[in-house]
Every structure is written in structure tokens, then in C-alpha cells.
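Here are the chains, one letter per residue:
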Amino acid sequence: MSISMFAIGENGTWTRSQADQADFAVGADLRVSGSATPAFGQGGSYDDVPGIAAVTPAVRDTVSLPRDRDATVVAVDTTSAARILRLRDDLSAQPLADLMRPLRADGGPAARSAGFALPDGTDRLRLAVRLRSLGAGDRTVAGTVTDLLFATLTDRYGVPYTLPLGEVRADGEQHVLEADFGYVTGRARGAAPAGPLRLTGLRAEYPVPRRNERHSLTVTGVHAVTGGGPREVPAPTTTTWSAGTQIDNPDFPEAPGLGYRPSHAGTPRSTAGAPLSVRYDTGEEPLQKDTPGGADAASLTLRAGPPPPAVLPAVVTDAFLDAVDARPGSTVPVELSGTRLSLRITGSVRALPTTGRDGSTGTGGGAVLLDLASLDRALAFQEQRPLEPTEWWLAARPGGAPRVASALRARGDAATIVVRDEARAELRRDPLGAGPLSALPAAVVAAAVLAAVGFAVAAAGALRERSEEFAVLRALGAPRRSLARVIAAEQGLLVLTAVAVGALLGGLLTRSIVPLIVLTARADSPVPAVRVELPAVPLLELLAAVAVLPLLAVAMSALRTADPVRALRRQGGE
């Protein structure tokens, strides 16, 4: 019984461990990376693929920690990731949905609905803009600076993308600029942004002039071009806008004695004829000599919605907590993508899927899980480039993963498509573990047969020794069924005691030894750690084979007791 329990436990645990390793390594039903389609065109490319139940974009980066450690940062759309991420239940003290809920710190509904809402099916965005150089009395004067405009579009996952619009001169005239979505997506097969889209920002880049100029940038109209033609996009009525300027050279001198002057922006305004308008100073660089337009570049940025919170909520691994000597509820400063950020630890997990043995890429700093939209908003408000998705994690409908994988591979734009079911099958084919396990069913059968035969022989011997006694009892009127119940009870006590002791010993052996011998193909301990599995159905079948069948045989034999007349004669009854 112990041998059979151990064999069943090892087989079940090894099989479960391979599935857990595949779930941990892939992180979802499918994971797509290395797409040739630009990131802006990837989000909507999964909308028409049959079999997909949920999608989340993902970004992977690293942060440096004290004592020469580094940690992996994984940022996802936490509103959908709770249905996608494969996190084994014993890796967290909280349900996955509860872990994810506090991570969304993107400014709330006011931020998610901010900006100009573009209609579904928008192929191009047209902006009518006017750039004026203001003189005394706000007269339009000749300007020397030409601005290069960019539009920031935010998709339904909260990820911002910057698209070029074109140049506009400071001549006071109206200019119509256009962003072609098809050009940005490369017109790849199936490429489309993840709509509905919102125009959430504008960026004007210009060279710093020798003399400061007072500019006024006005958006006089926003139009979305769909299959049905241009449509005017109404101005948002509840959105608040903020503006900021920056000179790209961090060493730009601002000492008054040298004559340098920084740029500055006022508060954006919205009127009936101009949904968005802002005035700003370009700054000046009087000592530059190399180029007539300025040696340094500057930018004006307009953003829709409230600013992000001062700290970002984060879920971290235990290894990260150890690396920074923190605990849930602590605030930890990190530098991510060249930006100083503060993380507030809202929860912890033992390990985070897709991040390796210790959650890091190198030196054991653990892993951090963030909300992608919240992270990008924090970066944008610090004048840093937001992170665009590099991976897409997909959840398939039941039984739909093979069809989804086939459709994505037929499209041919992704370099890597990892399927969880395929990873499971590949791990189960590992000869290091699959070879020895192939002999386990034979060991279970052999042990069960030996146990059953041993019980049956012992019971049959005991029954034979008492056959004459039962014959006399039968002659005295004892029913056959009563005699069968007596022998079944006697032998059942012995059988069940032996089975219970064997099962207990087999369970102890399984839980103490199996975690030590279930290894990966590289002879490492699996990640996540091995969880002993004792399948209920094989165990019940084993109990039936070892206990029920011998007892049934004994009961059948007891019903066919010896002839009472012969038994009495042998005892001297003649």
C-alpha cells in the first residue's frame, strides 16, 4: 500500500508540477511578443480573432536596488489581467482580483474619460491649428520659430501613443494637420489600434530662439476621418488641461547675467471657437552661434486630465521585500526608465509569473507588478516617454487556445507565440522525468496485486481454519448471511488497519521525498515550488483493488460454508 501510494503521489505531483511550471513561465493562455507591427496597431489586432476571451498589454523592465541587486518590473492592464494571469493560489495570501484592484491609480474616471473622444473606426485625425507670435498688445508679429506638432492618443487600455502631425509656422494662419493611423501601424495585416481612442495631449517641439517669443497655440477644430468621411469631434466639457514646457538640454544655463531665459507656459483655455488654446514663452538662447534656429530644443506639452498620484501602488514578491527591507504598506523609491518614482507596496506574492526563479533577470531583487496605464501617466507627467507594450497576454475561451494560436501564426507578424498548453505538453515529454514515471503504473499495479493477493490468501486461510466451526453454527440454524458478515467484519478490520497504516506511511513518504526528487530538465528545483498532489480517483481505485475485492472474495467464500453433517462426523458426532 505504501509503495502504491508513493508511486501515485510521485506521478500526480510530477504531472502537476509540469503544468504549474508552464503556467508560471507563460503567465497566460497565450503570450505574444516580438511583433513586426508597431505597438499602436497591435491592441486592436486581437479584437477579431475568434476564441480570445480577454487581452492585456504588458511591458517588462528592470530597476536597480541596493547591494547591486536588480528587480524585474512587469506592468499590465490590471482591469483585465485578473482574468488572464495564471497565479497559483498558494503563491498569494489574497485572491488575484483583490491584489489587482488597488493597482489602478490612473486618476480615476476623470482621467479615463479625459480628452477628445474619437468615434469608432477612426482612420485619420485632423487638427486645425493656429500658431501666433504675439507682440505688444497681442498683435500678431513675424515669428522665427516653427513648431513640430505631435498628438497623444490613448487607447482603451490607457496606453498613450505619440503620432506626428506635421509642422506649423508662427504666422497666425490656420493650418490643417493630419495623423494617418494606417501609416503609423505600417498597414500590416489585421493591424488596428485598441479603440475607442481619445486625444489626450499635444506636444510642440521647437528650437530655442536667440530672443524669447511669446506664442499662442490654438486648436480651432478636431475632426476624425472614418469610412464615412470626416466627422467633427466635440470638445470635452469636463476635461481639465495642464501645460508645461521643457528645454531638452539639462545644462541649459538660466543665469540672468548670461541672458538665457527659460521657457514657460500659461494655463490652457477652452472657448466656443477654440476648444483648446495656450500661451507660452519660447525661452531664449542669445549666445548660440552654430544654428540660426537655436542650438537647444524645447517643447510645450498639453495634457488632459488630473495629475497622477504622488506614489504608485505596487504588488511585489517576497524577494523584493527582502532586497529593500520593506513590508506591505511601505513606500519604496525606485528609478524606472530614467525617472524617480515612489512605490507604495499594497500586496505581496511569493513569486510572479514570467519573471524567473527569484523574479529578477540577474541578481535576486525580486519582481514588481504595476498597472501600465498608471505607470505611463506618471512618466508622462514627469516629461518622460511612456512605455509602449512589448508583449500581449491573452486568455482563450475553453478549448480555444489551439485555434487562437493557429490564427495568430497564420497572420505571421509575431516573432514569438507561446501557448500554455503547448508548454505543458513539452515539459511532460521531458525524458528526465517522463522515463522513470512510465514505470510507475506497473509498480502501482504490481503492489496492489500483491497486497490484494496477500489479503485474500490470509483471509482464505483463516476461513478454512474456521470452516468446521461455521458449519456447526450453520447446523444450529445460523443464517449464511450472518456468518458472512462475521468473517467480513473480522477480516475487514485487519485489511482496513493494514490499508490505513500503509496509506499513512505512503503519504508521509510522498510528502517528504517527492518534493526532493521532482526536478526540472536542468536538475533544478521547479518554480513555483513543488506542491504534492495525491489524486483522489487513483487512490480510491487502489483502495478498491486492495481492500474491497479481497473482502468480497471472503464474503463469497463464507456463503459457501462446509457441509454441517461432515463437520459433525469429523468432530466425533457419529
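To start, this report covers the structure provided alongside it. (Residues numbered from 1 in each chain as written. Predicted model: local features only at pLDDT ≥ 70, side-chain atom pairs only at ≥ 80, totals over all residues. Heavy atoms only, no water.)

Attention shifts here to the pattern of salt bridges. For the coordinates displayed, the defined rule picks out 25 salt bridges. Where D29 meets R86, a salt bridge forms, and the shortest distance between an N and an O atom there is 2.6 Å. With D29 in the loop between helix 1 (2-26) and strand 1 (30-35) and R86 in the loop between helix 2 (78-81) and helix 3 (96-100), this residue pair connects regions lying 57 residues apart in the sequence. A relative accessible area of 7% places D29 in the buried class. Between R124 and E178 there is a salt bridge, with the nearest N and O atoms lying 3.6 Å from each other. Here E178 lies in strand 9 (residues 174-180) and R124 lies in strand 5 (residues 124-134), a separation of 54 residues in the sequence. Residue classification places E178 among the partly exposed residues on the basis of a relative accessible area of 31%. (Salt bridge = Lys/Arg side-chain N within 4 Å of Asp/Glu carboxyl O. Helix = DSSP H or I, 4+ residues; strand = E, 2+ residues; numbered from the N terminus. Buried < 20%, exposed > 50% of the residue type's maximum accessible area, 1.4 Å probe, protein only.)

Attention now goes to the side chain of H175. If you trace the backbone, H175 turns up in strand 9. A distance of 3.0 Å separates the side chain of H175 from the side chain of D171, its partner in a polar contact. Once residues lying within four places of it in the same chain are set aside, the contact partners of H175 are L127, A128, V129, V168 and R169. (Polar contact = N/O pair within 3.5 Å; in protein donor to acceptor, adjacent residues only side chain to side chain. Contact = heavy atoms within 4.5 Å.)

This brings us to helix 1. Here helix 1 is 25 residues long and its end C-alpha atoms lie 36 Å apart, about the 36 Å a rise of 1.5 Å per residue gives. With 19 of 25 residues buried, helix 1 lies mostly within the body of the structure. Note on helix 1: the residue one or two positions beyond its end, G27, has a positive phi of about 85°. (Expected span 1.5 Å × (residues − 1).)

Quick look at a nonpolar patch on the surface now. On the surface, L505, L509, I513, L516 and I517 cluster together into a nonpolar patch covering about 420 Å² of accessible area. Among the structural elements, I513 can be located in helix 13 (residues 480-517). Take I513: its relative accessible area is 33%, and that puts it in the partly exposed class. (Patch = residues over 30% accessible without salt bridge, like charges linked within 9 Å, V, L, I, M, F, W, Y side chains within 5 Å. Areas by Shrake-Rupley, 256 points an atom, 1.4 Å probe, with all protein chains shown as cover.)

A few words on the packing of helix 1 against helix 9 (residues 420-428). Relative orientation and spacing of two packed helices are given, respectively, by the angle between their axes and the distance between those axes. Contact geometry of helix 1 with helix 9 gives a least axis separation of 8 Å together with a crossing angle of 140°. Compared by their axis directions, helix 1 and helix 9 come out oblique. Pair helix 1 / helix 9 crosses with right-handed handedness. Counted together, W14, T15, Q18, A19, Q21, A22, D23 and V26 of helix 1 and R420, A423, R424, L427 and R428 of helix 9 form the full contact between these two elements. Its residues assigned to classes, the contact of helix 1 with helix 9 comprises six nonpolar, three polar and four charged. (Axes fitted to C-alpha atoms, helices over the stretch in contact; angles between N-to-C directions. Parallel < 35°, antiparallel > 145°, perpendicular 65-115°, else oblique. Left-handed = near helix turned anticlockwise from the far one by under 90°. Nonpolar A, V, L, I, M, F, W, Y, C, P; charged D, E, K, R; others polar.)

With that settled, the discussion passes to the pairing of strand 18 (residues 331-336). Only one face of strand 18 is buried: it carries V332, V334 and L336, and the other face, with T331, P333 and E335, is open. As defined by bridge partners, strand 18 adjoins strand 19 (residues 339-349) across six bridges and the pair is classed as antiparallel. Bridge pairing in strand 19 places L336 opposite T339. Counting the residues in the hairpin turn of strand 18 and strand 19 gives two residues, including S337, whose phi is positive at 55°. (Pairing = 2+ DSSP bridges.)

Bringing the side chain of Q21 into the picture now. Its place among the elements puts Q21 in helix 1. The class for Q21 is buried, based on a relative accessible area of 10%. Ignoring any residue separated from it by four or fewer positions in sequence, one finds Q21 in contact with L427, T520, P526, V527 and P528.

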